[in-house]
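One letter stands for each residue in the lines below.
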Amino acid sequence: MEDKMWRGLGVSAGRAAGPTWYLEEYQVDAAPETFRDSTVEEEMARLHQAVTRTEQILTSLEEQVKAEQGEELARIFVAHKLLLTDPSFIGEAQTRLQRGELSAEQALQEVAGEAVQMLRSLEDPYFQERAVDVQDVLVQLLKNLQNDPEERADLFPNTGNYVVLADELTPAQTIALPKERVLGFIVRQGGKTSHAAILARTYGIPALVGVVKGWEDLLVQKWVELDGEEGWIRSAAEGHIRFADNGLKEEDLAPQSGSLQGMILAANIGSPGDLPLVQKFKAEGIGLYRTEFLFMGEKLPSEEEQVEAYRQVVAACAPQLTVIRTLDIGGDKRAPALQLPQEKNPFLGVRALRLTLRRPELFRQQLRAIWRAAASGPTAVMFPMIATIEELDQAKENLRVAREEVLQAGHPVGELQIGMMIEIPSAAWLADKFAAKVDFFSIGTNDLTQYMLAVDRENTELAELYQPYHPAVLGMIARVSQAALQRGIWTGVCGEAGGDALLAPFFSAVGIQELSMAPGSIAKVRSTLAKLELSPEERETLVESVLACAGTAEVIEVLQSFLTLYTLS
Ligand code: PEP
Ligand code: MG
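The rules behind these values
Residues numbered from 1 in each chain as written. Chains lettered and ligands numbered in written order. Predicted model: local features only at pLDDT ≥ 70, side-chain atom pairs only at ≥ 80, totals over all residues. Heavy atoms only, no water. Donors = N, O, S within 2.8 Å, 3.2 Å for Na, K, Ca; no water. Helix = DSSP H or I, 4+ residues; strand = E, 2+ residues; numbered from the N terminus. Buried < 20%, exposed > 50% of the residue type's maximum accessible area, 1.4 Å probe, protein only. Core = buried A, V, L, I, M, F, W, Y, C linked by side-chain atoms within 4.5 Å. Contact = heavy atoms within 4.5 Å. Near = heavy atom within 4 Å. Polar contact = N/O pair within 3.5 Å; in protein donor to acceptor, adjacent residues only side chain to side chain. Areas by Shrake-Rupley, 256 points an atom, 1.4 Å probe, with all protein chains shown as cover. Nonpolar A, V, L, I, M, F, W, Y, C, P; charged D, E, K, R; others polar. Axes fitted to C-alpha atoms, helices over the stretch in contact; angles between N-to-C directions. Parallel < 35°, antiparallel > 145°, perpendicular 65-115°, else oblique. Left-handed = near helix turned anticlockwise from the far one by under 90°. Pairing = 2+ DSSP bridges. Salt bridge = Lys/Arg side-chain N within 4 Å of Asp/Glu carboxyl O. Domains from an automatic or database assignment. Buried area = accessible area lost by both parts, 1.4 Å probe. Disulfide = S-S within 2.5 Å. Right-handed = clockwise from strand over helix to strand, strands pointing away.

Peer 1: Would you mind going over the coordination of the magnesium ion (ligand 2) with me for this structure?
Peer 2: Perfect tetrahedral coordination of a metal by four donors corresponds to 109.5 degrees between them, and perfect octahedral coordination by six donors corresponds to 90 or 180 degrees. For the magnesium ion (ligand 2), the full set of protein donor atoms is Glu423 (OE) and Asp447 (OD), and the range of their distances to it is 2.0 to 2.1 Å. Of the two residues, Glu423 is situated in the loop between β13 (416–422) and α15 (425–429) and Asp447 in helix α17 (residues 445–453); the sequence distance between them amounts to 24 residues. Given the relative accessible area of 2%, Asp447 is considered buried.

Below you can see the structure in the form of structure tokens.
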């Protein structure tokens, strides 16, 4: 049989194979055309009841997720509950019901349908993804209206392991599935920032989204293999079951002292809820704690809430280091509670440090919380999106004042290493100047690539051009690391490239001392580095060969042949 192949956007790494199971979309029974025996009051009462019931279900989902995965993910359901009180949704449905022509089902479908269409028509992928939220809530409401509490995901077979196919995967459905038996997710709609993608990464299940071409054909496949990193699916022989273990053995999970040429492998996290994964993959500390997720709910966290979250992470990782990055809101990350104005070019706008320097109260509150958490173990603070020396000076001045404030309030403070992200080309170019003012650098390859190559990191159309392997990007990284070494400070890489096993030998060879990545990537990078034994001359050759390349494809070829040549079998 000739192998068939489909392509999609890989959003959660790992390779898996197994039988397929299609999670059919919820089909709403034909709603009555017009009122027959029901009055407006009766329909209003039905709607009211469905809203109340939906709210209860969402609250229990929120609690379940909070207990299992932590507060950040649970916020998805808080956002869904907010939709239930949104005047433009339920309020509008009620207004249409009052006209006396529609059933509750029809009114909801009309309003939600318009909202979904409107959200999908917006260019911003964030809003396009939010269409799934509206649909998720709509489905819950319709099910409750029709007394059909059955969750389609509950129909997942009682035994066996499956690759789940779905036109669209809502957070509620993802949560309802028995994750330990899901081999992979293949979703027709959606992008990298969809909740389903985030959840898949959190659970370490390989996933692809945006599989539009050939979808119908894919649906009839009984058995498939998929790669959530390379973004492909192919038909597979029946009987072949594979969990996404990447072929790793137990020893790949354990840190191996000495064999990684001094490289520390740390984890990137977004909340204390990720700590179990940090432990599972034996990360050596946290190289990037993205604190912005705490600020993306409907209200801002208090200083005490921040202290609690940061302290939990610091204490769990001690004696290893936790690098807490200050708020990076803006660009693709939104915080409704901050009520920020719309910008024409958000990625070039008031983002990250540019925002916090304009909101000193917000900034200093976070810095105070970080000083306080630092009393629980080794901690570093890191500033994102620095372009100028003046910004760094101002950030450090705020840090100094925040320390005074904590002491005045009578709280103990800890020690802090002070670091900055290198993710804007101007800062990378002036690395030697910045190095005199900080304890470490952490290179954000996601943004450094986007700003060096002028390619929006979210734009799937330009994915081919978005290349951290570009020799200009790698050359800049080598330059930064060199400047840091000369000044005696350490450099890490915390963008997605930090978790790329193909690049790890190059990073090691240019003197990078820490790679920080999604916990699920650590084992592969560890096993790759452990197999390499490089002399100083070989390291130099590797760097020279990469930097001599004129293009991305050439770089990839050099890296691949290098790995083949020097990997100890
Ligand atoms: C980066 O830009 O590489 C980075 C790690 O930061 P973020 O992805 O949060 O922008
Ligand atoms: Mg960044």
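Moving on, there is more to tell.
Peer 1: What is the right way to read the nonpolar core from this model?
Peer 2: The nonpolar side chains of a soluble globular protein tend to be buried, and buried together. Grouped together as the largest cluster of nonpolar side chains are 93 residues, with contacts concentrated most on Tyr310, Phe383, Phe441, Phe507 and Leu515. Counting residues per element, this core draws most heavily on helix α18 (residues 471–487), at eight residues. Each residue touching Leu515, except ones within four places of it in the same chain, is listed here: Met263, Ile264, Leu265, Ala266, Val493, Gly498, Ala504, Phe507 and Val525. Ranked by size, the runner-up nonpolar core spans 53 residues in total, among them Ala112, Leu119, Val134 and Val209.

Peer 1: Explain the site of ligand 1 here, please?
Peer 2: In the vicinity of ligand 1, 15 residues are found, and the nearest of them are Arg290, Arg325, Gly444, Asn446 and Arg457. Thr445 has a polar backbone atom sitting 3.1 Å from an oxygen atom of ligand 1. Within the side chain of Asp447, one N or O atom sits 2.9 Å away from an oxygen atom of ligand 1. Taking 280 Å² as the accessible area of ligand 1 by itself, protein coverage stands at 99%. Broken down by secondary-structure element, the contributors of at least two residues to the shell around ligand 1 are β10 (286–290) and α17. Take the shell around ligand 1: its biggest share by element is three residues, from α17. Residue composition of the shell around ligand 1, grouped by class: three nonpolar, four polar and eight charged.

Peer 1: In this structure, what is going on with the packing of α17 against α18? I would like to understand it.
Peer 2: A packed helix pair is summarised by two numbers, namely the angle formed by the two axes and the spacing between the axes. Interhelical geometry of α17 versus α18 gives an angle of 125° and a closest axis separation of 10 Å. In this view, α17 runs oblique relative to α18, as classed from their interaxial angle. Relative to α18, the crossing made by α17 is right-handed. Contacts between α17 and α18 pair Thr445, Leu448, Thr449, Met452 and Leu453 from the former with Ala472, Val473, Met476 and Ile477 from the latter. By residue class, the composition of the contact of α17 with α18 is seven nonpolar, two polar and no charged.

Peer 1: Got a minute to help me understand the sheet that holds strand β11 (residues 322–325) in this structure?
Peer 2: One closed barrel holds the eight strands; their spatial order is β9-β10-β11-β12-β13-β14-β15-β16, and the pairing between them is parallel. Going across the sheet, the axis of each strand differs from the next one's by a mean of 25°, ignoring polarity. Relative to strand β12 (residues 379–383), β11 is paired through four bridges, and the arrangement is parallel. Looking at β12, one finds that Ile324 is bridged to Val381. The strands touched by helix α13 (residues 360–373) are β11, β12 and β13; relative to β12, the strand with the most contacts, the crossing angle is about 160°. Sheet strands touched by helix α20 (residues 522–530): β9 (264–269) and β16 (514–517). Its angle to β9, the strand with the most contacts, is close to 165°.

Peer 1: Sorry, what's going on with the side chain of Glu292 here?
Peer 2: As for its placement among the helices and strands, Glu292 is situated in the loop between β10 and α11 (303–317). Setting aside chain neighbours within four positions, we find Glu292 in contact with Arg325, Thr326, Leu327, Asp328, Ile329 and Lys333.

Peer 1: Got a minute to help me understand the pattern of salt bridges in this structure?
Peer 2: Two side chains bearing opposite charge may form a pair once their charged atoms approach each other closely. Counted under the stated rule, the structure contains 29 salt bridges. The partner of Glu303 in a salt bridge is Arg372, and the shortest N-O contact between them spans 3.0 Å. With Glu303 in helix α11 and Arg372 in helix α13, this pair connects stretches of sequence that are 69 residues apart. Comparing Glu303 with Arg372 shows no difference in burial state: the two are buried. A salt bridge links Glu405 to Arg368, with the nearest nitrogen and oxygen atoms 2.7 Å apart. Placement of Glu405 in helix α14 (residues 389–408) and of Arg368 in helix α13 is noted, with a sequence separation of 37 residues between them. Take Arg368: its relative accessible area is 14%, and that puts it in the buried class.

Peer 1: I'm lost on the domain arrangement of the chain in this one. Help?
Peer 2: One can read the domain layout of the chain as domain 1 (5–25 + 152–235), domain 2 (40–145) and domain 3 (258–566). Here the C-alpha centroids of domain 1 and domain 2 sit 24 Å apart. With 18 residues of domain 1 in contact, the opposing surface of domain 2 contributes 18 residues. Where domain 1 abuts domain 2, roughly 1300 Å² becomes buried across the two surfaces, and 58% of that area is made up of carbon and sulfur atoms. Our count for the domain 1 to domain 2 interface comes out at one salt bridge. One salt bridge in this structure joins Arg120 and Glu168, with 2.8 Å as the shortest N-O distance. Where domain 1 touches domain 2, the interface holds one residue pair in polar contact (both at pLDDT 80 or more). Broken down by secondary-structure element, the contributors of at least two residues to the side of domain 1 that touches domain 2 are α6 (171–176) and α7 (195–203). The biggest single contributor to the side of domain 1 that touches domain 2 is α7, with five residues.

Peer 1: Can you walk me through the state of the cysteines in this structure?
Peer 2: Among covalent bonds in proteins, the disulfide is the one between the sulfur atoms of two cysteines. Taken as a whole and judged by the stated rule, the model has zero disulfides. Left unpaired, Cys494 is separated from the closest cysteine sulfur, that of Cys317, by 15 Å.

Peer 1: Explain the pairing of strand β5 (residues 182–187) here, please?
Peer 2: The two faces of the sheet receive side chains in turn, since in a regular strand these alternate between them. With six of six residues buried, β5 is to be regarded as a mostly interior element. Where strand β4 (residues 162–166) lies against β5, five bridges are found, and the strand directions are parallel. Bridge assignment links Val163 to a residue of β5, and that residue is Gly184. With α6 bridging β4 and its parallel neighbour β5, the resulting β-α-β unit is right-handed.

Peer 1: I would appreciate a short explanation of the pairing of β13 in the present structure.
Peer 2: Burial within β13 is extensive, with six of its seven residues counted as buried. In terms of strand pairing, β12 meets β13 through five bridges, oriented parallel. Bridge pairing links Met382 to Gly419 in β13. Inspection of the sheet shows β13 paired to strand β14 (residues 440–443) by four bridges, in the parallel sense.

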